[in-house]
Each structure stands twice: as C-alpha cells, then as structure tokens.
Amino acid sequence: MLCAAAIPAHAQSGPVGQVPPAVVGPGFPIATDARVAGDSRQTRFVLDLDRTVPFRAFLLSEPYRVVVDLPQVSFHLPTGAGTSGRGLVKAFRYGMVMPGGSRIVFDLTGPARIANSTVLDAANGQPPRLVLELEEVDEATFARAIGSDSRARPADSGSATASVAVAGNPAPAVRPPPTTVAIATPPTDGPPDTRPVVVIDPGHGGIDYGTQGGEVPEKNLVLAFGQALRDRLERSGKFRVVMTRDDDTFIPLGDRVRIAQKQSAALFVSIHADALPRGEGTAQGATIYTLSDKASDVEAERLAETENRADQIGGVNLTEEPADVADILIDLARRETRTFSNRFARVLMNDMKTAVHMHKRPLKSAGFRVLKAPDVPSVLVELGYVSNKGDMGNLVSDAWRSRTADAMARAIDAFLAKRIANAGPERPDKPVAVRAKP
Ligand code: ZN
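All of these numbers come straight from a predicted model, not from anything done at the bench.

Participant: Looking at this model, I keep getting lost on the overall build of the protein chain. Mind explaining?
Facilitator: For the protein chain, the helix and strand inventory stands at 8 helices and 16 strands. A burial count over the protein chain gives 53% of its 438 residues as buried. Restricting to contacts in the protein chain with at least 6 residues of sequence separation, those with at least 24 account for 77%. Here the protein chain displays about 19,000 Å² of accessible surface, and carbon together with sulfur accounts for 54% of that area.

In structure tokens, the structure reads:
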C-alpha cells in the first residue's frame, strides 16, 4: 500500500548522501494547484500552471488509468494533492519520469474516456490551466478506444493506449519512457572488458517514490545505497558495475530486467526498503528475497505485490509486458538461475549478518517481477523498514551504509570468485550449469 501512496508536495527535498536533487530550476514550468471536480459520470481535472505547456493524454487499461505526459514541470502542489480523488478519479500521482519529462497518472474508478483535454491561456484572473475532462463509458467503449488508438499511434510507442494530443500540437509533448535501454558502451579500443558484470538496481525513482513511511522516500534511500555499493565494488577492480538508474529517473520493471540480460550480468541485485502498514506491528532488519512462484509467507506476498506495483504507479502499460515464454531451454536456464540466486542469497545473508541486523526470517521468496530474468541470478534486498525508527536511522547513516555495502561487496566477491573458478575463465558471465561440463 505504502508504495502507492501519493507523493507529498516538494518531495524533491530530503536527499540522502550523494543523491542529486531532482532536476528542477527556475526554467521549468511550475504547477501551483490541482483540483478534481464532478461526479462518477463526468469528472474534470484542472492543473494551474505559470505558463502553457504542450502535453499528451492517454488511457491505459489493467488497471484503468489516464496518463498525462508533460515536459518537465516543477510541482508545487498543496500537501496531500492526489491522495484522494473524486468522481472517476480515485487518486493521482505526479512527478518526473525522465530528465525533461513529467507525468501525471490518474487511477480511475472504472472505464472512462477523455472527453476533452486542453491547455488554456491565462484569462479572467485565472492562471494558465491544463484541463482534462473524463466521461464514464462502458467496458466495450473503453476497449474500442484503446484498440483503435493503438493502430493509429506511431510504432515506437506501440502500446495499447488511447491518446489525445493537445489541439494545435499534434506531436507528443514528450516521448514516453524509453522501452529500449541505452547503456554507455565501453570504448572499443583496447582489449574488451571481460570482467563479470554486476547490475545494481536501486528501486523506484522519478514519479515512483516507493515507500514513504519514513522521513525520506525509499527512492532516495536506495539510490544512495546503490551508489555506495557500486563505489565499493568498483574499487576492487574485479567487476564492471552497471546501475539500472544513477539518478532520480523512473525505470519500468521490465527495463531493469532487460538491462541485466543485455549486459549478460553475472548478478543482479535490486535494492529496496520496506515499511509495515500502520497498525501491523513492528518489524526490523534486512531481508533477502529470491524469486518463487509461491510466496514463502504472507508478508513476502504483500511485499512483492507492493514492489510489482511500480509500473502501475509510473503509468506503464502493463498489458505490453510479454508473458513468460514457455520454452524447455529457457525453463532449464531458469531453474539453474534460481539455484544460483538461492545460493547467492545464502552467501549474502552470511556476510550481511556479520555487519547489520537481519530480519528474524532473513531469507524469503515471492513473485517479484524484477527478479524474472531467466538467465541472470537475481536477488532483491530490503535493507530495512522505514517504519522502524532504528532501521530508518541506519538507512540515513553514512557509517551504516558503508558497513552494509562492504558486507554485500564481500559476498558478491566470494560468490562470483567461486563461480568464475568453476566456470573457467572464458565465459564468467553465464550460468555455469547451462554449459556442458567435462
Ligand atoms: Zn521498493
């Protein structure tokens, strides 16, 4: 639940460690207020701005959402804006999806269509406004709207969405978040870098704040930690470290997995922080999660559901994600990968418990989407609970962060050294057992 909570105003504040603040400046348009009016048949959203901006609005299904893409906007909305809605709008979130691009995502109570969407100039004492009018429709009309539009839209977006570009501005205001992953390739001169690749995946980012049960949003905590772990790993010189994000950018879950696969990563480590819903007792300590079809317990299931909601929060079209491929070879690789993931999780736990307080059940599993690369051993580490005072104190402490990153780096080092030794030097980046062994 907490991951889906709305974003507080001025949430760009409170960076941790070297987390760069969100890129906002005097040059960006400023949104000063937002209102939702109407009823369950017709609902109107108004965003007050200091100038007019181009935008693009479109529908998404499963669940019903409306997404408004804008150029980067500084949101100075009243505290609590979007936490609750009215009429067809259940709630809405706003924030950056990429440098230069902002987004508003509306959760709808049911199928609706965008009856009108426009940006008005300042008039009659009113500031420039973005106005969005939604109208209740039946399921079939909604499906048709999405279907017809996906045929009309350019191939690069390719999603099942119905979009409305602002009048007089047919071009999309901003591109949707990239579905292909751009990664800096190492320079081609000199010998190729054959070191094993470790992908560090700080969770959430941009419009998706993650858990906000503590004084600092999860996205900042985990980025600071990911950067500390990267620095620690790079110092050894043994690994090439790739970050799924190195700033406050929203990255869809599928892209995180693709980064690991594209890099033929030897290891994928996703970094998160948890929170217990209010009134559900207390919990503390770090937990290491691996992928399983059936969650190890109710809490793991809840957590996976929360973390898997990241795409929904960010306004990603969930129907686009390819279904798991049924292929006997992939299945074999997947099983091998799970064995390695579980082995690494145990190594990691043994190293981490010497340095930090672990949860009373430190190894768990559930259906985390970000752990689904069939060929890359993957774990997800919940560093602690932002809902716990002691854990929160740790999460913002430089000393705790560097001690924990040290322990994790030791585990990564030990695990990969062993795998490389078993695999032989030529291909240290693939699951050992997938290849024929003498
Ligand atoms: Zn998270």
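Participant: For this particular structure, what's the right way to read the sheet that holds strand β11 (residues 197–202)?
Facilitator: The strands making up a sheet associate through backbone hydrogen bonding, with each pair oriented either parallel or antiparallel. Taken in spatial order, the 6 strands make up an open sheet running β12-β11-β13-β16-β14-β15, and their pairing is mixed. If you trace the sheet from one side to the other, it starts and ends with β12 (240–243) and β15 (358–366), each paired once. With strand direction ignored, the average angle separating the axes of adjacent strands in the sheet is 20°. Lying over the sheet, helix α4 (residues 298–308) contacts β13 (267–274), β14 (286–291), β15 and β16 (378–385), oriented at roughly 65° with respect to β15.

Participant: I keep staring at the sheet that holds strand β9 (residues 129–136) and nothing clicks. Help me out?
Facilitator: Here we have 5 strands laid out as an open sheet, ordered β5-β1-β2-β9-β8, and mixed in their pairing. Two strands close off the open sheet at either side, each with one partner strand: β5 (74–75) and β8 (112–120). With 7 bridges connecting them, strand β1 (residues 30–38) and strand β2 (residues 42–49) associate as antiparallel partners. Residue Asp-33 lies in a different strand from β2, and its bridge partner there is Asp-48.

Participant: Honestly, helix α2 (residues 218–236) in this entry has me stumped. Any pointers?
Facilitator: Taking 1.5 Å per residue as the helical rise, α2 with its 19 residues ought to reach 27 Å, and the 28 Å between its terminal C-alpha atoms agrees with that figure. Taking burial as the measure, the 19 residues of α2 include 14 buried ones, the bulk of the element. Within two residues after α2, Gly-237 carries a phi angle of roughly 75°, on the positive side.

Participant: What is the right way to look at the coordination of the zinc ion in this model?
Facilitator: Around a metal, the perfect tetrahedron of four donors has angles of 109.5 degrees, and the perfect octahedron of six donors has angles of 90 or 180 degrees. For the zinc ion, the full set of protein donor atoms is His-204 (NE2), Glu-218 (OE), His-272 (ND1), Glu-307 (OE) and Glu-307 (OE), at a range of 2.0 to 2.4 Å. Of note, the zinc ion draws all its donor residues from one chain, in the sequence arrangement H-x13-E-x53-H-x34-E. Separated by 35 residues along the polypeptide, His-272 in strand β13 and Glu-307 in helix α4 bring together distant segments of the chain. On the accessibility criterion, His-272 (6% relative accessible area) is buried.

Participant: Mind showing me how you'd approach empty space enclosed by the protein here?
Facilitator: Empty pockets left among the atoms are what a rolling probe the size of a water molecule brings to light. Evaluation of the coordinates by the stated rule reveals 6 cavities of 30 Å³ or more. If you add up the space inside the second largest cavity, you get close to 70 Å³. Forming the boundary of the second largest cavity are Leu-291, Arg-334, Thr-337, Arg-338, Ser-341, Leu-371, Lys-372, Ala-373, Pro-374, Val-376, Pro-377 and Ser-378.

Participant: Honestly, a nonpolar patch on the surface in this entry has me stumped. Any pointers?
Facilitator: A cluster of nonpolar side chains, namely Ile-328, Leu-329 and Leu-332, defines an oily patch on the protein surface of about 360 Å² accessible area. Positionally, Ile-328 belongs in helix α6 (residues 328–352).

Participant: Help me understand the packing of α2 against helix α8 (residues 398–423) in this model?
Facilitator: In a packed pair of helices, the relevant descriptors are the angle between the two axes and the axis-to-axis distance. Contact pair α2 / α8: the axes reach a minimum separation of 9 Å and the direction vectors enclose 50°. Here α2 lies oblique to α8, going by the angle between them. As for how α2 packs across α8, the hand of that crossing is right-handed. In this structure, α2 uses Ala-224, Phe-225, Ala-228, Leu-229, Arg-232 and Leu-233 to contact α8, whose residues at the interface are Trp-400, Arg-401, Thr-404, Ala-405, Asp-406, Met-408, Ala-409 and Ile-412. Grouping the amino acids of the contact of α2 with α8 by side-chain chemistry returns 10 nonpolar, 1 polar and 3 charged.

Participant: Even after reading the chapter, I still don't get the environment of Ala-260, so can you show me in this structure?
Facilitator: Checked against the element boundaries, Ala-260 lands in helix α3 (residues 253–262). On a C-alpha basis, the gap between Ala-260 and Ile-200 in space is 9.0 Å, while along the polypeptide they are 60 residues apart. Not counting the four nearest positions on each side in its chain, Ala-260 is found in contact with Val-199, Ala-265, Phe-268 and Val-376.

Rules and cut-offs
- Residues numbered from 1 in each chain as written.
- Predicted model: local features only at pLDDT ≥ 70, side-chain atom pairs only at ≥ 80, totals over all residues.
- Heavy atoms only, no water.
- Helix = DSSP H or I, 4+ residues; strand = E, 2+ residues; numbered from the N terminus.
- Buried < 20%, exposed > 50% of the residue type's maximum accessible area, 1.4 Å probe, protein only.
- Contact = heavy atoms within 4.5 Å.
- Areas by Shrake-Rupley, 256 points an atom, 1.4 Å probe, with all protein chains shown as cover.
- Pairing = 2+ DSSP bridges.
- Axes fitted to C-alpha atoms, helices over the stretch in contact; angles between N-to-C directions.
- Expected span 1.5 Å × (residues − 1).
- Donors = N, O, S within 2.8 Å, 3.2 Å for Na, K, Ca; no water.
- 1 Å grid on protein atoms, 1.4 Å probe; cavity = no way out; pocket = protein on both sides within 12 Å on 5 of 7 lines; lining within 4 Å.
- Points joined across faces, edges and corners; volume = space filled by probe spheres on them.
- Patch = residues over 30% accessible without salt bridge, like charges linked within 9 Å, V, L, I, M, F, W, Y side chains within 5 Å.
- Salt bridge = Lys/Arg side-chain N within 4 Å of Asp/Glu carboxyl O.
- Parallel < 35°, antiparallel > 145°, perpendicular 65-115°, else oblique.
- Left-handed = near helix turned anticlockwise from the far one by under 90°.
- Nonpolar A, V, L, I, M, F, W, Y, C, P; charged D, E, K, R; others polar.

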